[in-house]
Amino acid sequence: MIAHPEMSRSKAEADTKPRRFSPGAIAYDGAIPASYRAGRALSSQTADAWRVAIQPFVRPARGSAILDLGSGTGRFARLLAHAVGAHVVGAEPSRGMLTLAARDQPPEGVVYVAASAESLPFRPQVFDVAWLSHVFHHVRDRPACARELRRVLRVGGCVLLRGTFGDRLDGFPTLFRFFPGARDICAELPTVTDAVAVFEREGFTSEAVRRVEQRTCGSLADFAARTRLRADTALALLSDREFAEGQATLEAAAAREQGPSPVVETLDLLVYRKSGGSAPTARRRSAPEVR
Ligand SMILES: C[S@@+](CC[C@H](N)C(=O)[O-])C[C@H]1O[C@@H](n2cnc3c(N)ncnc32)[C@H](O)[C@@H]1O
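Residues numbered from 1 in each chain as written. Predicted model: local features only at pLDDT ≥ 70, side-chain atom pairs only at ≥ 80, totals over all residues.

Points about helix α5 (residues 95-103)
Here comes step 1: The complete set of buried residues in α5 reads M97, L98 and A101. Down the axis, α5 shows its buried residues gathered within 100° of arc, on one side only. Exposed side of α5, more than 90 degrees from the buried face: R95, T99 and R103 are the residues found there.
Here comes step 2: Residues of α5 that are buried sit in contact with α2 (32-39), β2 (87-92) and β3 (110-114). (Buried ≥ 20, exposed ≤ 12 C-beta atoms within 10 Å, placed from the backbone. Helix = DSSP H or I, 4+ residues; strand = E, 2+ residues; numbered from the N terminus. Arc of directions from axis to C-beta. Contact = placed C-beta atoms within 7 Å.)

Below you can see the structure in the form of structure tokens.
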């Protein structure tokens, strides 16, 4: 049985009981960094899908600056620098993730700093875009995060949240087929409604909610190699027994695969714009555009 290294609970408990999701449930300073790169690698199709999705909100402009908040190993910092030609600052609280990000020579225009969402070490109004990929649910004080983002963004700048939301769980059919308990864990993540409320309360305008389809893996065999690493919140929190059963069923299905069946997942992209005026007076309660 593959035991997740983050589990410091008794063996019997880790074996049988899933852990509940809450901010801080995943120790990014523990063993996750070592497996994160391989366990969350961006396929070229996934990178393309996100490049296209963010294009309307991130216009390339000389001297523009992007904050990649919770930048992890820097997989999106590199992509953003490449795609947009902007200066990218990756801000990340985990020393382990930062060390990995810095291990490869960061491309031109990318720097990493140690920082948490609730207290950003930047002057006001220095960024045009803030990008948070699979980060918002990990933040303990989300209103403080939205407040800080409003402070460091220029007027007209936007926050892009990429992620999985508790009320949008139809995008992971393959994951939930083999690991049904992962659905219950994802249901504990903040919802789109929660995120909209947090950002609108801090004076942002909700601009869009887009569904983005990504080809996560080219085959079940690739998917099995990825899930084996448990570098994913839901898989890390499953009980060891449920993870092992799901993984065994997935490996068996992968072995029977005749031709490669790609694993397609649908995530959400939420966009919030900082309009002029002082927070938090600029409140808008109308629903954002949903596609
Ligand atoms: C699932 S990883 C995503 C990393 C990266 N954005 C990506 O998509 O590959 C979540 C990241 O959020 C970071 N994180 C957790 N709490 C945070 C906080 N309060 N402020 C900023 N980042 C945080 C973690 O350390 C971790 O690197």
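Remarks on the site of the ligand
Here comes step 1: Lining the immediate surroundings of the ligand are 20 residues, of which Y28, G70, G72, A117 and S133 lie closest.
Here comes step 2: The residue inventory of the shell around the ligand, partitioned by class, reads eight nonpolar, eight polar and four charged. (Near = placed C-beta within 6 Å. Nonpolar A, V, L, I, M, F, W, Y, C, P; charged D, E, K, R; others polar.)

Observations regarding the pairing of strand β5 (residues 153-163)
Here comes step 1: Most of β5 sits inside the fold, with eight of its 11 residues counted as buried.
Here comes step 2: Taken together, the six bridges between strand β4 (residues 127-133) and β5 define a ladder with parallel strand orientation. Its bridge partner being in β5, W131 is matched across the sheet by L160.
Here comes step 3: Viewed along the sheet, the connection from β4 through helix α6 (residues 142-152) into β5 turns out right-handed.
Here comes step 4: Sheet analysis places β5 next to strand β7 (residues 263-274), joined by six bridges and oriented antiparallel. Looking across to β7, one finds that V159 is bridged to Y272. (Pairing = 2+ DSSP bridges. Right-handed = clockwise from strand over helix to strand, strands pointing away.)

Topic: unusual backbone geometry
What is expected of a backbone is that most residues other than glycine have negative phi and most peptide bonds are trans.
Here comes step 1: Positive phi outside glycine occurs at Q125, with the angle close to 55°.
Here comes step 2: Along the polypeptide, Q125 turns up in the loop between β3 and β4.
Here comes step 3: A positive phi angle, close to 50°, is found at R230, a residue other than glycine.

Some remarks on the nonpolar core
Within soluble globular proteins, side chains that are nonpolar tend to cluster in buried spots.
Here comes step 1: Membership of the largest hydrophobic core comes to 69 residues, with the highest contact counts inside it found for I66, L67, L80, A130, W131 and V159.
Here comes step 2: Here the element with the most residues in this core is helix α4 (residues 75-84); it accounts for six residues.
Here comes step 3: Residues in contact with A130, not counting those within four places in the same chain, are L67, L69, L149, L153 and V159.
Here comes step 4: Residues I32, Y36, A101 and L229 belong to the second largest nonpolar core, which totals nine residues. (Core = buried A, V, L, I, M, F, W, Y, C linked by C-beta atoms within 7 Å.)

Observations concerning the packing of helix α10 (residues 220-227) against helix α12 (residues 240-256)
For any two helices packed against each other, one specifies the crossing angle of their axes together with the interaxial distance.
Here comes step 1: Contact pair α10 / α12: the axes reach a minimum separation of 8 Å and the direction vectors enclose 155°. Relative to α12, the element α10 lies roughly antiparallel. Between α10 and α12 lies a crossing whose hand is left-handed. Between α10, through L220, A221, A224 and T227, and α12, the contact on the second element is made entirely by Q247, L250, E251, A253 and A254.
Here comes step 2: Its residues placed into classes, the contact of α10 with α12 shows six nonpolar, two polar and one charged. (Axes fitted to C-alpha atoms, helices over the stretch in contact; angles between N-to-C directions. Parallel < 35°, antiparallel > 145°, perpendicular 65-115°, else oblique. Left-handed = near helix turned anticlockwise from the far one by under 90°.)

Quick notes on helix α9 (residues 192-201)
Here comes step 1: All of the buried residues along α9 are A195, V198, F199 and E200.
Here comes step 2: As for α9, its buried residues are in contact with α6, β5, β6 (204-217) and β7.

A short note on the pairing of β7
Here comes step 1: One ladder, built from 12 bridges, connects β6 with β7; its direction is antiparallel. Note that in β7 the partner of R211 across the bridge is D268.

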